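Single-letter residue listing:
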Amino acid sequence: MVLLALGDGMVEGAGHSENETSLGSGLSLESRRSFLAALLSVGGFFVGALLSVPLIRFALFPLLRRTTELKESPVGAVTEFSSLTEPAMRTIQIELVDGWRKAISEKAVYVTKDSQGRLRVLTSVCPHLGCTVPWNKEKGRFVCPCHGGTFAADGTRISGPSLRGMDTLETSVQDGQLQVRFQYFRQLVSDKEIIG
């Protein structure tokens, strides 16, 4: 009896023909090739999936994250504003977070009372084109220096090119302190839309 070594398998006996031996080893090589092809395709799928994660995250990032988180800023003690007769200007500090960069900016707000006597905080940004609107004591109203828009003490629109009154900000009272959440609003529209 003679053993023939072909590839990785051993074929026993010399009586087998050459076609049988190549056919037997061909099936073995074919199954190995299909296993390696399957292994490569599975490995390629996992590598492709891992490489696509940063691309998907990059595409969805603007939808999932705000650039600036809305934090409350202290305005002052509630007792300071109990006897308001006209709007009181206060400067608040806002922490802006943009990626890894943090910046602190100061914004002017006005504390006033509405018709029911409740405290309201108005942003000093004009809803027309974004100018800073000061309180005019002589006229008893807010007057925008850019385009002449006028607003009442409670922020309602009196005249001018603005399509709405001054924007009110969200407020809360914590430990006797008036807190405000500063936001930016879309200009040149009649409805109050938050943009940041």
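Right above here is the structure, for reference.
About the thresholds
Residues numbered from 1 in each chain as written. Predicted model: local features only at pLDDT ≥ 70, side-chain atom pairs only at ≥ 80, totals over all residues. Heavy atoms only, no water. Helix = DSSP H or I, 4+ residues; strand = E, 2+ residues; numbered from the N terminus. Buried < 20%, exposed > 50% of the residue type's maximum accessible area, 1.4 Å probe, protein only. Pairing = 2+ DSSP bridges. Disulfide = S-S within 2.5 Å.

Participant: Even after reading the chapter, I still don't get unusual backbone geometry, so can you show me in this structure?
Facilitator: Excluding glycine, residues mostly have negative phi values, and the peptide bonds linking residues are mostly trans. For D175, which is not glycine, the phi torsion reads 55° and is therefore positive. Following the sequence through the fold, D175 ends up in the loop between β11 (168-174) and β12 (177-181). Assessed through its relative accessible area of 82%, D175 is described here as exposed. Although it is not a glycine, L188 adopts a positive phi angle of roughly 65°. Residue placement: L188 occurs in the segment after β12.

Participant: How should the sheet that holds strand β10 (residues 157-159) be read in this particular structure?
Facilitator: Each strand in a sheet pairs with another by means of backbone hydrogen bonds, the pair being arranged parallel or else antiparallel. With respect to topology, four strands assemble into an open sheet ordered β7-β8-β9-β10, the strand pairing being antiparallel. Each edge of the open sheet is held by one strand with a lone partner, namely β7 (135-136) and β10. Summarising the sheet, β7 and strand β8 (residues 141-143) pair through two bridges and their orientation is antiparallel. Each residue of the ladder has a partner; that of N136, found in β8, is R141.

Participant: How do you make sense of the state of the cysteines when you look at a structure like this?
Facilitator: Where two cysteines share a covalent bond between their sulfur atoms, that bond is called a disulfide. Taken as a whole and assessed by the stated rule, the structure comprises one disulfide. Here C131 is linked by a disulfide to C146, with a sulfur-sulfur distance of 2.0 Å. Every disulfide takes its handedness from the sign of the S-S torsion; for C131 and C146 that torsion is -115°, giving left-handed. Pair noted here: C131 is in the loop between β6 (119-123) and β7 and C146 is in the loop between β8 and β9 (150-151), with a separation of 15 residues, a long-range link. The exposure class assigned to C131 is buried, which follows from its relative accessible area of 14%. Counting only cysteine sulfurs, C144 is the nearest neighbor of C126, a cysteine outside any disulfide, at a range of 3.8 Å. Of the residues examined, C126 reaches a relative accessible area of 3% and is grouped as buried. For C144, a relative accessible area of 3% corresponds to the buried category.

Such coordinate-based values are descriptive only and should not be taken to indicate function.
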